[in-house]
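Letter by letter, the chains look like this.
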Amino acid sequence: NGLNFIIIHLEYAYKQTWIYRPSLDSDIRAWANDLLELHANRHAIVVTHYLMNSGFQASFSDQGQAIYNELKDNPNLFLMLGGHIKEEGQRVDTYNGKTVYSLLSNYQMRDNGGDGWMRIMKFFPANDEIRVQTFSPTLNEGSGAFETDEDSQFTLPFTFSPL
């Protein structure tokens, strides 16, 4: 419908020696920033492994904070996604009048390695919203199941105007 997106996936911040680098290399953050600037006409989603902690208005990880600080000036950035910490979380940040949603979903610590739980996000530009659901295709004898608590099923307001 005339809307364009860019999705940037960033590494989990470990060196080859497996020592944690909490802020992610500045050259990687600069590369992501350059991509967002180059594609300023596209709605931007950034994905990384360890973005934030669980809960509502959860704190960023050191890596997530460094990524957000580097990229928040880009008006096309609207969504950041991560895992690593078990369960679910979300936060909303506003910078220069622009809202950025950050979401955590990680189900691998649940029964049976996560029971197939996954996050489904549906974008509805005509309604100015993003609907988020959590679904497992393996439960209920294979017919699937939705998790419907407020952490797992919610709507985010977002205006999908062309950039």
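A brief structural summary.

Reading guide: rules and limits
Residues numbered from 1 in each chain as written. Predicted model: local features only at pLDDT ≥ 70, side-chain atom pairs only at ≥ 80, totals over all residues. Heavy atoms only, no water. Helix = DSSP H or I, 4+ residues; strand = E, 2+ residues; numbered from the N terminus. Rg over C-alpha atoms; globule rule 2.2 N^0.38 Å. Core = buried A, V, L, I, M, F, W, Y, C linked by side-chain atoms within 4.5 Å. Buried < 20%, exposed > 50% of the residue type's maximum accessible area, 1.4 Å probe, protein only. Pairing = 2+ DSSP bridges. Contact = heavy atoms within 4.5 Å. Axes fitted to C-alpha atoms, helices over the stretch in contact; angles between N-to-C directions. Polar contact = N/O pair within 3.5 Å; in protein donor to acceptor, adjacent residues only side chain to side chain.

## A closer look at the overall build of the protein chain
Assigned secondary structure in the protein chain consists of 3 helices and 10 strands. What you see in the protein chain, going N to C, is helices and strands ordered as β-α-β-β-α-β-β-β-α-β-β-β-β. Whereas a compact globule of 163 residues would reach a radius of gyration of roughly 15 Å, the protein chain reaches 16 Å, a difference of no more than 12%. Taken along the three principal axes of its C-alpha coordinates, the protein chain extends 45 × 45 × 25 Å.

## Topic: the nonpolar core
Ile8, Val46, Leu71, Leu77 and Met80 are the most contacted members of the largest nonpolar core, which totals 19 residues. Going through the elements one at a time, strand S1 (5–9), helix H1 (26–38), strand S2 (43–47), helix H2 (62–71), strand S4 (77–82) and strand S6 (98–106) are the ones with two or more residues in this core.

## Details of the sheet that holds S4
Overall, mixed pairing links the 6 strands, which are arranged S1-S2-S4-S6-S5-S3 in an open sheet. Of all the strands in the sheet, the pair left with one neighbour each is S1 and strand S3 (55–56). With 2 bridges connecting them, S3 and strand S5 (residues 87–95) associate as parallel partners. Residue pairing in the sheet places phenylalanine 56 in a bridge with glutamine 90 of S5. Packing of H2 onto the sheet brings it into contact with S2, S4, S5 and S6, and relative to S4 it is tilted by some 165°.

## Describing the side chain of threonine 134
Structurally, threonine 134 can be placed in strand S8 (residues 129–136). Given the relative accessible area of 0%, threonine 134 is considered buried. Within the structure, the side chain of threonine 134 is placed 2.9 Å from the backbone oxygen of serine 152, a separation counted as a polar contact.

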